[in-house]
Structures are given as C-alpha cells and as structure tokens.
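# Secondary and tertiary structure notes
Listed below, chain by chain, are the residues.
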Amino acid sequence: MGDFLEIFTGYYPYYLQGARNTIVIALIGVVGGALCGLLICLMRMAKGKSILTKLMNGFSRVYIEVFRGTPVIVQLWVAFFGIPLLIPMPAGKLLDMDLECLVPCLIAISLNSGAYVAEVFRSGIQAVDGGQMEAALCVGMKKGMAMRLIILPQAIKNVLPALCNEFVTLIKETAVISYLGVADLSYSNNVVKTLTYSMLPCYLVLAVYYFILCFVISRLVGLLEKRLNRERKPGNREMSKKAQAA
Amino acid sequence: MLIETRGLRKSFGGLQVLNGIDQSIEKGEVVVVIGPSGSGKSTFLRCLNLLEEPTGGQVIFEGTDITDPKADIAKIRQKMGMVFQQFNLFNNLSIMDNITVGPIRVKGVSREDAQAKANELLDRVGLREKADSFPGELSGGQKQRIAIVRALAMEPDVMLFDEPTSALDPEMVGEVLDVMKALAKEGMTMVIVTHEMGFAKEVGDRVLFIDQGIVLEEGTPEEIFNHPRNPRTQEFLSKVLNV
C-alpha cells in the first residue's frame, strides 16, 4: 500500500502525460472511426441493382466481418508494418509521440472502430421514421440530398450517446498500442515500472487512472443523453426561452 | 389532362393491391377517393408520384410517362405536392426551414424569396408566429397545416392528400379541412384520399369509390352519395354514413 501511494503521488506527471496522450489518441480514433463507420454504413445500406452498389454492399460486409473477426493487436501490427510500405510516414512528433509509430496505429484504430460504428450508424438511420425520407422525396429531393439534409442529422442525434461510449471503449482498447511504442497511458506505466521495479502497485495506479477517465466520461455521456431526451420532448424550447427571459 | 393512369397495377409480394386503374384527372379538378381500408386507395395515390412503384401500367403526368425508368422522377415530384396522414414534417428543421428547404435546395430559389413566400403562406394558414418553432412543439392540426404549406411552397401543379385528417384529434380536423377547402376554391388540382364524407361531398368534383384494387363506381358527389348504384358502394356508404 505504501508503494501504491508513493507511486501515485511521486510519479503522477508521467501518468498525467500518458493520460493526456490516451485521450488524444482515443479522440482521433473515435472521429476517424465515425467517418469510416459512416462511409461503410452508407455502402452497406446502398440499394439498387447496379454493379457498383453490389460491390459496395459486398465490400462493406467483408470489411465488417474481417475487422470484427481478428484481434486488434494483430490489426495494429499489420498496420504498423504494412502501412509504411504503402504510404511514406511523416517524421516528427505529435505531443511527445513519434508520428512514425502513431500514424499507422491511428489508422488501424479508426478502421477497426469504423467496423463497429458502421452498425451503430445503421441502427441510427433505421430508427429515423420512414416518412421523413418519403416527405423529402416529395419536395423533389434526390435520395443523396435527403440523406444529407434530413436523415443523417436525425440519425447522428440518435447515435451520439453510442459514439461517446465508443470513445470510452477506445480509451480502454488503445492500451495495447503501448506494445508498439506509442507513448500512451500504459506506456507511461511501463516507464514508471522500470524506474521503480514495483509491478503490482504500478498496475493498480494504472487501473485507477483508466477507471477515472472512463468513469468521468461515462457520466458526462449520461448527462448528454438526458439532455438530448429532454430536448426531444415538445414544448421544452419554449420553456427554456421563458427561463432565459426571466 | 394533368394525370392519367393506364391499367395501373401494383402488387406487394403475392398480394395484388391495384388491379388495373384507368383514370384521368383534369387540371383544376378535385377528385376524392373513398373506399374501405385495404381497398388500395392510398396505394393508388402513392403510385401517382411513384412513392410506390407500379408493377404494371403507366402513370402519365403532364404528358410524360413517369413510370419510364428514364423519367427524372425527382424533377416531376417538384410539381406534385404530397400531404401525409402522419404529417412527416422534418423533425430536425424549424418550421421556416421545413417550408423553405425544398424551394432553396431543390429549385434554387434565393433564401429571401423563399422566406417571403413562406411567410405569405404561413399567414394564409394563420401560423406565422410558429416560423421559428420545431415540429415537436406543434399540435397535430398545426403540423398538418404546415405540411400543406410545405407542399405549396414548391408551387405544385397538383396536391395529393393521403388521409390528411385521419391522425388528428376530432377538434383539429376542421382547421385542416378549412385550408383544403380554400385551396380547392382557388382552383388547385387535388386528389384526396379521405374518410371525411361530409368534406368529400362539399368540395369534390368527382368521387372515386375504390374496392379490391379497382374503381367500382365513380361520379359526382351527388351521384355517389345520394344515388349509389353499385351494391358494394351502397353497403360501404351505409356503414360510414350511419354512425
């Protein structure tokens, strides 16, 4: 217990720096995952008889199966060695992380997250009432425009809480990228471990940090969810307007 | 002739809903479609703007066969306003944006012109003060009046109404019907699927009685409501008029 407190109080700069990096990585991952997921979702839901739509349907299915059917760490290693062969990696650093390591990891995390988020988007889009699309078509919109202006804004509101939860998931899942040398929270822990030679206390401190990050963010998501639900109910905007005036 | 259907058929899976409908609707005409539920009257209406794709026959609108795969259906729908039973206002947009999104994004009207036109239409239905509200804040009757305004903002050549008052509380039916009556008086071409027999009698130029996917009987409101010839029409009317 003494070791635990000593590490907690003595080495917090390492952990705080790692925690910051983990949040940045997860944030970039969730944004990349959302973009990638949306693209895959639209490919998956594309309807029509043309070869292009068939190809898109097929590709998205295979994509989702492959990324869900292989371990993240394997995907990371494949990206780590594979992506630099395809595109040159930039030199330099983001915060204190080497871009050479970081960029392939971020790409892999985004692609992986996209496979899960694609299904989230699909259910979010399907939850939008079918009448919305019909009404949009009836004012002369084409499907793409109706999707962009009417369906997706409503779907994104539907999936916002789930996307925030994906952020929490990524904070935990990205712990593995320390194996590839990216200086995240787990990597900071490795540094402290080699400085102090005490294993269990270090891992306990690490657990506390991860828990605080995830707990706080989950709570914030909970608040957001409540707020969104309240906004959906009729009459509320009027009330808030009056409240502002008063 | 504004709309013509030739041998219009529609089936869902194995279920034949429309069994060949030949109709022509003239400019300025108000056609009311009545019939028992499941008779195909809504499907008939939804085939007119291809929300349902007919499985047979043709729909000709202003001389163009819109069932032709080469027809630009989005362009054609700009000329056909539609009002739904469930209103289907865009939930993510304010009332003003609901009305102007079509004119601005689809027709390329300037924002100022679209809003001026929207305000003028909102005045006509007495809802100018709701311009900044959202659909969730409106009553059913108000939503439906806005839905009518949204369709009118596109300056359509015909308005299609799919049971516009069926989802409304009884005390709100009148306000929607009044707007529709005013439209009919102005000479708008209208095709209305409805259960409001009193309204059908008052504003209809022609009444179609649809049952089992065909037009069983048609005529003026006077003919259909006071002297129905077909036994099925008689049976239907005795059920709906004597409640």
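Note that the structure is a prediction, hence the values are computed from the model and not measured.

### Some points on the overall build of chain B
- A count of helices and strands for chain B gives nine helices and ten strands.
- Relative to its length of 243 residues, chain B is compact, with a C-alpha radius of gyration of 18 Å against a globular reference of 18 Å.
- Across its three principal directions, the C-alpha atoms of chain B cover 55 × 45 × 35 Å.
- Burial status across chain B gives 57% buried among its 243 residues.
- Relative to all contacts within chain B whose residues are 6 or more apart in sequence, the contacts with residues 24 or more apart total 67%.
- Carbon together with sulfur atoms contributes 45% to the accessible area of chain B, which is approximately 10,200 Å² in total.
- Positive and negative side-chain charges in chain B, numbering 27 and 36 respectively, have mean positions lying 3 Å apart.

### A look at the sheet that holds strand E5 (residues 64–65) of chain B
All names here are of chain B.
- The sheet built from four strands is open, its strands ordered E2-E1-E4-E5 with antiparallel pairing. Each edge of the sheet is formed by a strand with only one pairing partner; in this case those strands are strand E2 (15–25) and E5.
- Strand contacts of helix H1 (residues 41–48): strand E1 (3–12), E2 and strand E4 (56–61), with the helix running at about 120 degrees to E1, the strand carrying the most contacts.

### Looking at the interface of chain A and chain B
- In this assembly, 22 residues from chain A lie in contact with 27 residues from chain B.
- Roughly 2,000 Å² is buried in total at the junction of chain A and chain B, and carbon and sulfur atoms are behind 58% of that figure.
- The interface formed by chain A and chain B contains one salt bridge.
- Across the pair Glu134 of chain A and Arg46 of chain B runs a salt bridge, and its minimum N-O distance is 2.6 Å.
- Where chain A touches chain B, the interface holds six residue pairs in polar contact (both at pLDDT 80 or more).
- At the level of elements, helix H6 (130–138), helix H7 (143–173) and helix H10 (236–245) of chain A are the ones that each hand at least two residues to the side of chain A that touches chain B.
- Broken down by element, the side of chain A that touches chain B gets its largest block of residues, seven residues, from H6 of chain A.

### A look at the nonpolar core
- Counting residues in hydrophobic clusters, the biggest one holds 65 residues, and the most contacted among them are Met141 of chain A together with Ile3 and Phe44 of chain B.
- The leading source of residues in this core is H7 of chain A, at ten residues.
- When sequence neighbours within four positions are dropped, the list of residues in contact with Met141 of chain A reads Ala136, Ala146, Leu149 and Ile150 of chain A together with Ala74, Val101 and Val106 of chain B.
- Met97, Ala175, Ala183 and Leu213 of chain A belong to the second-largest nonpolar core, a separate cluster that totals 39 residues.

### Overview of the sheet that holds strand E10 (residues 214–219) of chain B
Residues and elements named next belong to chain B.
- A sheet is described by the order of its strands in space; here six strands give the open sequence E6-E7-E8-E3-E9-E10, paired in mixed fashion. The sheet is open, and its two edges are formed by strand E6 (80–83) and E10, each paired on a single side. On average, each strand axis in the sheet is inclined to that of its neighbour by 20 degrees, with strand direction left out of account.
- Examined bridge by bridge, strand E9 (residues 206–211) and E10 share five bridges and lie antiparallel to one another. Bridging from a neighbouring strand, Ile210 pairs with Val215 of E10.

### Brief notes about the packing of helix H2 (residues 12–45) of chain A against H7 of chain A
Residue and element names in this part refer to chain A.
- H7 packs onto H2 with a crossing angle of 140 degrees between their chain directions and a minimal axis gap of 10 Å. With respect to H7, the element H2 is oriented oblique. Crossing angle aside, the handedness with which H2 passes H7 is right-handed. Of H7, the residues touching H2 (which contributes Thr22, Ile23, Ala26, Leu27, Gly29, Val30, Ala34, Leu38 and Leu42) are Met147, Leu152, Leu163, Glu166, Phe167, Leu170 and Ile171.
- Taken together, the residues of the contact of H2 with H7 break down into 13 nonpolar, two polar and one charged.

### Notes on a nonpolar patch on the surface
- Taken together, Phe211, Ile212, Phe215, Val216, Leu220 and Leu223 of chain A make up a surface patch of nonpolar side chains, about 590 Å² in accessible area.
- By the secondary structure assignment, Phe211 of chain A is in helix H9 (residues 199–232).

### Some details on the packing of aromatic side chains
All names here are of chain A.
- In total, this model carries nine aromatic pairs over all chains according to the counting rule given.
- For the ring pair Phe59 and Tyr63, a centre distance of 6.0 Å and an interplane angle of 45 degrees mean the geometry is tilted. One end of the pair, Phe59, and the other, Tyr63, are both in helix H3 (residues 51–68), four residues apart, so they sit about a helical turn from each other.
- Residue Tyr63 is classed as buried on the basis of its relative accessible area, which comes to 9%.
- Pairing Phe211 with Phe215 gives two aromatic rings, centres 5.4 Å apart and planes at 20 degrees, and the pair type is stacked. Here Phe215 and Phe211 lie together in helix H9, a separation of four residues that amounts to about one turn.
- Owing to a relative accessible area of 38%, Phe215 belongs among the partly exposed residues under this scheme.

### Looking at the packing of helix H4 (residues 72–86) of chain A against helix H5 (residues 99–126) of chain A
All names here are of chain A.
- Where H4 contacts H5, the axes come no closer than 8 Å and their chain directions differ by 130 degrees. Judged by the angle between their axes, H4 and H5 are oblique. The interaxial crossing formed by H4 with H5 has right-handed handedness. Residues Val72, Gln75, Leu76, Ala79, Phe80, Ile83 and Pro84 of H4 form the contact with H5, whose participating residues are Cys101, Pro104, Cys105, Ile107, Ala108, Ile109 and Asn112.
- In terms of residue class, the contact of H4 with H5 is made up of twelve nonpolar, two polar and no charged.

About the criteria used
Residues numbered from 1 in each chain as written. Chains lettered and ligands numbered in written order. Predicted model: local features only at pLDDT ≥ 70, side-chain atom pairs only at ≥ 80, totals over all residues. Heavy atoms only, no water. Helix = DSSP H or I, 4+ residues; strand = E, 2+ residues; numbered from the N terminus. Rg over C-alpha atoms; globule rule 2.2 N^0.38 Å. Buried < 20%, exposed > 50% of the residue type's maximum accessible area, 1.4 Å probe, protein only. Contact = heavy atoms within 4.5 Å. Areas by Shrake-Rupley, 256 points an atom, 1.4 Å probe, with all protein chains shown as cover. Lys, Arg positive; Asp, Glu negative; His and termini not counted. Charge placed at Lys NZ, Arg CZ, Asp CG, Glu CD. Pairing = 2+ DSSP bridges. Axes fitted to C-alpha atoms, helices over the stretch in contact; angles between N-to-C directions. Buried area = accessible area lost by both parts, 1.4 Å probe. Salt bridge = Lys/Arg side-chain N within 4 Å of Asp/Glu carboxyl O. Polar contact = N/O pair within 3.5 Å; in protein donor to acceptor, adjacent residues only side chain to side chain. Core = buried A, V, L, I, M, F, W, Y, C linked by side-chain atoms within 4.5 Å. Parallel < 35°, antiparallel > 145°, perpendicular 65-115°, else oblique. Left-handed = near helix turned anticlockwise from the far one by under 90°. Nonpolar A, V, L, I, M, F, W, Y, C, P; charged D, E, K, R; others polar. Patch = residues over 30% accessible without salt bridge, like charges linked within 9 Å, V, L, I, M, F, W, Y side chains within 5 Å. Phe/Tyr/Trp six-rings, centres within 6.5 Å; stacked < 30°, edge-to-face > 60°.

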